[in-house]
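Examining the three-dimensional arrangement
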Amino acid sequence: MARAAKAALVLCMDVGFSMSNSAPGEEPPFEQAKKVVQKFVQRQVFGECKDDLALVLFGTDATKNPLDQHDQYQNITVCRHLMLPDFELLDEIQNQIHPESQQADWLDALVVCMDVLQKETVGKKYDRLNIALLTDLSTQASPDQMDVVVENLKRDGITLQFFFPFPMEEDDSGGDWDRTGSSQPGTRKGLSREQQQGQEMVKHIMLGLDEEDGLDEIYTFRDAIEKLSMFKSIEKRPMAWPCQLTIGSSLSIRIVGYKAVTDEKLKKTWITVDAQSHQSHDVKRETVYCKDDDEESEVPRDNIIQGFRYGSDIVPFSKEDEEQMKYKHDGKCFAVLGFAKQNLVHRHQFMGTQALKVFAAKDDEHAGVALSALIQALDELQMVAIVRYAYDRRSNPQVGAAFPCIKPGKYQCLIYVQLPFMEDLHGRRFTFPSLENNKKFTPSETQLSAVDSLIDSMMLVEEDEKGEEHDTFKVHHIPNPAFQRHFQCLHHRAVTPDTPLPPVEPWLKAALERPGAVDARCQAPLAEMKKKFPLKEVEKKKQLKTSAQIFGKSSEEPDPKRAKAEEEEEEYNLADIAEGTVTSVGSVDPARDFRCLIKQKSRPFGEVCQQLTHRIEQLLGNKNTHYYMKCITCIQTFREQSVKVGNADLYNSYLQSLKTSIPNRGLQDFWDLLVQDAVTLISKDEVEGSTVSKDDANQFLVAEEKEEEAAAPVVEDTGDVDDLLDMM
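This report concerns the structure included in the present document. (Residues numbered from 1 in each chain as written. Predicted model: local features only at pLDDT ≥ 70, side-chain atom pairs only at ≥ 80, totals over all residues. Heavy atoms only, no water.)

Here's the deal with the pairing of strand 4 (residues 128–134)
Within strand 4, 6 of the 7 residues are buried, leaving the element largely enclosed by the surrounding structure. Across 6 bridges, the pairing between strand 4 and strand 5 (residues 158–164) is parallel. Its bridge partner lying in strand 5, Leu134 is registered against Phe163. Between the parallel elements strand 4 and strand 5, the chain passes through helix 4 (residues 146–156) in a crossover that is right-handed. (Buried < 20%, exposed > 50% of the residue type's maximum accessible area, 1.4 Å probe, protein only. Helix = DSSP H or I, 4+ residues; strand = E, 2+ residues; numbered from the N terminus. Pairing = 2+ DSSP bridges. Right-handed = clockwise from strand over helix to strand, strands pointing away.)

If you want it as C-alpha cells, here you go:
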C-alpha cells in the first residue's frame, strides 16, 4: 500500500507591538493573525491530518532559536518544534500568545523557519515543506541576503505563503528590486514606507520562486479567516474493493469498486472519563448480572445467554443459534441477476448508505474492454443491471441496480445503488384517494401557472455567460453543519473549559439559509400563490339547540339521550378503523383495546375489566420502565371508563389490592410513577355508587405512616390479586 502524503509546515507569526495598532472600530492585525493560526491548527487537529507542524513567533520580548548568536536573529522564538498538532497547541495559542513590545526582522524570522525545516526533517520523508508567514510588514527588513534566501528555498523545495492585514497591490514593476531602496513604488494610501518597501521585497521573493503564480500565494487575514472557518473533513484514501463481475456461469470480469458517496460519521467517539483527572484509564467499567431475588446472587457470564422477547414470552437464543441462523454464502460477490429499463428503477427506491463506482481492474486489458462494452450497451439501451452484491463473507447480500456512467474523455464505470426488499417498502401500506378525479380539488389554469412560477423562481440552477447551467449549491463545498458545530464546541471547551459554549458562527447560519438571490426572486410568485390559494378559517357549524336548552330543564332530572350521546362522544380515528374489530385486550395497545371493547358492548363490563387487569399483571412481571408506563396508561383508562359507566367497585378493589401487593412484588418504582401521575381511587363525588369518600381518595396515595383507615369496600379485599380477578 502506498504511503500517505505527509507535509511539514511552519507557521511564523508576528507578535510585535505594531501588530496591536489599528484604526478605531477595527480589529487589530494581531487578533486577525491569531485567528488565522487558530483556525488552521483546528482544521489540522479535527481533520486528523498527519502533517507535522511547528510554530515560530517573532517580535517577542525573549529570544529562543538555534541561530541566536552574536546578537543575530534576536526577538525570535521557536514556540513549538515540528510535531503533530494537538489540543495542547490549541490551548497554547489561545492562552499563551499575546502581543509583545519588541519588533523583529521578518526576513530573519523566515530564515529561522527554514532552519527549523532543514534540521528537524532530517531522516524523515515529507512530500511537501511549507512556511506560512503572517505579518503587517511594519518592521524595516534587511534585503542583503534576500537572493540567498530565495535560492535556499528553491534548493530545499520549500514553498512559501504570506498573509497580510491589507491586500497586495499590483504594479508594473515586474518584481524588480533596487537594493538601495531608491525605487519609488508610489504613495499607497494607508501604508507606511516600511510596509511599502516590505511589499516590494515580498514580490521579489515570490516571483523569484514562481514567476507565473508566485503572487497567488499572498493572502489577506480576512480572506484566510473566511476560508479556514470551515473545519476540514477527515481525509481518507479510497479503499479498493476487488471482485469478479459475473454474468451467468461463463462470463466473469475483473473489477474494482470504490465508495463514491457514503454516510460520513464522526470518527471521534464519546468516552467516559474521570471528572477530576479527565483520564479514561482512571475509570473502569464492570458489568455484573444478578438474580432478582433477596440475596441478589451473582450469575456467572457462562450461565447467561441472549433471549428474544416475543410478546410476553422470552425465547432463549444462544450464540451458537445465532451463528447457525446467519446466512451462509461464498464471500464477496457482484453477480448480475438480470437487466431492467432505467425508468422502472425509481429514485425514491434508492436506499443504503453508499454509492459504489465500479471500474475494470487496472492491469487487465481484457476486463477493460469487456466492462466498457457492457457499460456502452446499458447506456445505449437505457437499461440497468440488477445485481446481487455482498461485500464479504461476513456481510448479508444485497440486491441493487448498476447504472452506466460515461464521462467523455475521462472514464467509464458502473454506479451501484442498493434497492429495497419487500419489508423496506413502507409506502405500499398507505392508500390515498386520487386528487385527479375529485372535481372539488381540481386546480384552475391560473393556479397551476402560479405554482409553476414559484417552482421556476426557486430553482437552484444558474446559467453562466455561455448559457451553461450550474448548480447553486455545490455539494463538494457545503460542509455538514452538525460536524462544524460539533468541532466548534469541542475546541471552545478544550481551550476555555469554564465558559459557556459560543453561539453558532454567522457563516454557518448563512449556509443553512435560503440563498439571497432565490429569496428575492420568489417573493412575487409567493404573493401570487397567496392570492390564487386563499386560506379561509373554517367555522364549526352551530349546533341546533334542543327544547331543554331553550326552555330549561331540571339538572336533577336524568336525560337518557344525553347520557347515551356522552358515551358515544369519543371519535374513532383512521388507526382504529384500520385495525378492524377488537375481540380481546391485547398486549400491543391494551388501553385502546379496552376502550374499543367497552364501546362495542359485546361483552360484560366485568369480563372486559378482567382481561385488562390480567394484561396489566403480565406487563408488571417484566419490571421495566417502558412496561410500567404502559400499565399506568391502562390503569388511567380503566378509571376513565369506570367513571363513564358508573361502576367504581371493580376499579377501586383492584387498585387497593394492587397497593397491598407492591412491597412483596418489588414494584415500588412502578408505584412511585403511579403516585407522580396522581392516579387514585374513584370517590363518591365522581360515581354515586362508590363507597370511597373524597378525603379517602386523596389520602390513598400518601405514604402508609400518614394514611387514615380507609372505608371497607363492598368486595372484601383478600390481598390476593388472583382471587380478585376470579371474583370479577
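Here the narrative resumes, following the displayed structure.
What about the packing of helix 9 (residues 445–457) against helix 13 (residues 523–532)?
For the pair helix 9 and helix 13, the least separation of the axes is 9 Å and the interaxial angle reads 155°. Accordingly, the angle class assigned to the pair helix 9 and helix 13 is roughly antiparallel. Like other packed secondary-structure pairs, helix 9 and helix 13 cross with a definite hand, here left-handed. Between helix 9, through Thr446, Gln447, Ala450, Val451, Ser453, Leu454 and Ser457, and helix 13, the contact on the second element is made entirely by Pro525, Leu526, Glu528, Met529 and Lys532. The class makeup of the residues in the contact of helix 9 with helix 13 is 6 nonpolar, 4 polar and 2 charged. (Axes fitted to C-alpha atoms, helices over the stretch in contact; angles between N-to-C directions. Parallel < 35°, antiparallel > 145°, perpendicular 65-115°, else oblique. Left-handed = near helix turned anticlockwise from the far one by under 90°. Contact = heavy atoms within 4.5 Å. Nonpolar A, V, L, I, M, F, W, Y, C, P; charged D, E, K, R; others polar.)

Concerning a negative patch on the surface
Judged by side-chain charge, Asp210, Glu212, Asp213 and Asp216 come together as a negatively charged surface patch. In this structure Asp213 comes out as partly exposed when scored by relative accessible area, which is 40%. (Patch = residues over 30% accessible without salt bridge, like charges linked within 9 Å, V, L, I, M, F, W, Y side chains within 5 Å. Areas by Shrake-Rupley, 256 points an atom, 1.4 Å probe, with all protein chains shown as cover. Salt bridge = Lys/Arg side-chain N within 4 Å of Asp/Glu carboxyl O. Lys, Arg positive; Asp, Glu negative; His and termini not counted. Charge placed at Lys NZ, Arg CZ, Asp CG, Glu CD.)

Description of the packing of helix 18 (residues 605–620) against helix 19 (residues 625–645)
Two elements in contact, helix 18 and helix 19, have axes whose closest approach is 9 Å; the angle formed by their N-to-C orientations is 165°. Overall, the two elements helix 18 and helix 19 adopt an arrangement that is roughly antiparallel. In terms of crossing hand, the pair formed by helix 18 and helix 19 is left-handed. On helix 19, the residues that touch Phe605, Cys609, Leu612, Thr613, Ile616, Leu619 and Leu620 of helix 18 are Tyr627, Tyr628, Lys630, Cys631, Cys634, Ile635, Phe638, Ser642 and Val645.

As for the packing of aromatic side chains
Overall, the coordinates contain 18 aromatic pairs when judged by the stated rule. Measuring from ring centre to ring centre gives 6.4 Å for Phe334 and Tyr389, while their planes differ by 80°; the resulting arrangement is edge-to-face. You can see Phe334 sitting in strand 13 (residues 333–341) and its partner Tyr389 sitting in strand 15 (residues 383–390), a full 55 residues away along the chain. Judged by relative accessible area, Phe334 falls into the buried class, the value being 1%. The class for Tyr389 is buried, based on a relative accessible area of 4%. Pairing Phe594 with Phe638 gives two aromatic rings, centres 5.9 Å apart and planes at 75°, and the pair type is edge-to-face. With Phe594 in helix 17 (residues 590–600) and Phe638 in helix 19, the pair connects residues that are 44 residues apart, well separated along the chain. Across this residue pair, the class does not change: Phe594 and Phe638 are buried. Through a chain of ring-to-ring contacts, the aromatic side chains of Trp241, Phe334, Tyr389, Tyr391 and Tyr416 assemble into a single cluster. (Phe/Tyr/Trp six-rings, centres within 6.5 Å; stacked < 30°, edge-to-face > 60°.)

By themselves, these observations are geometric and do not establish any function.
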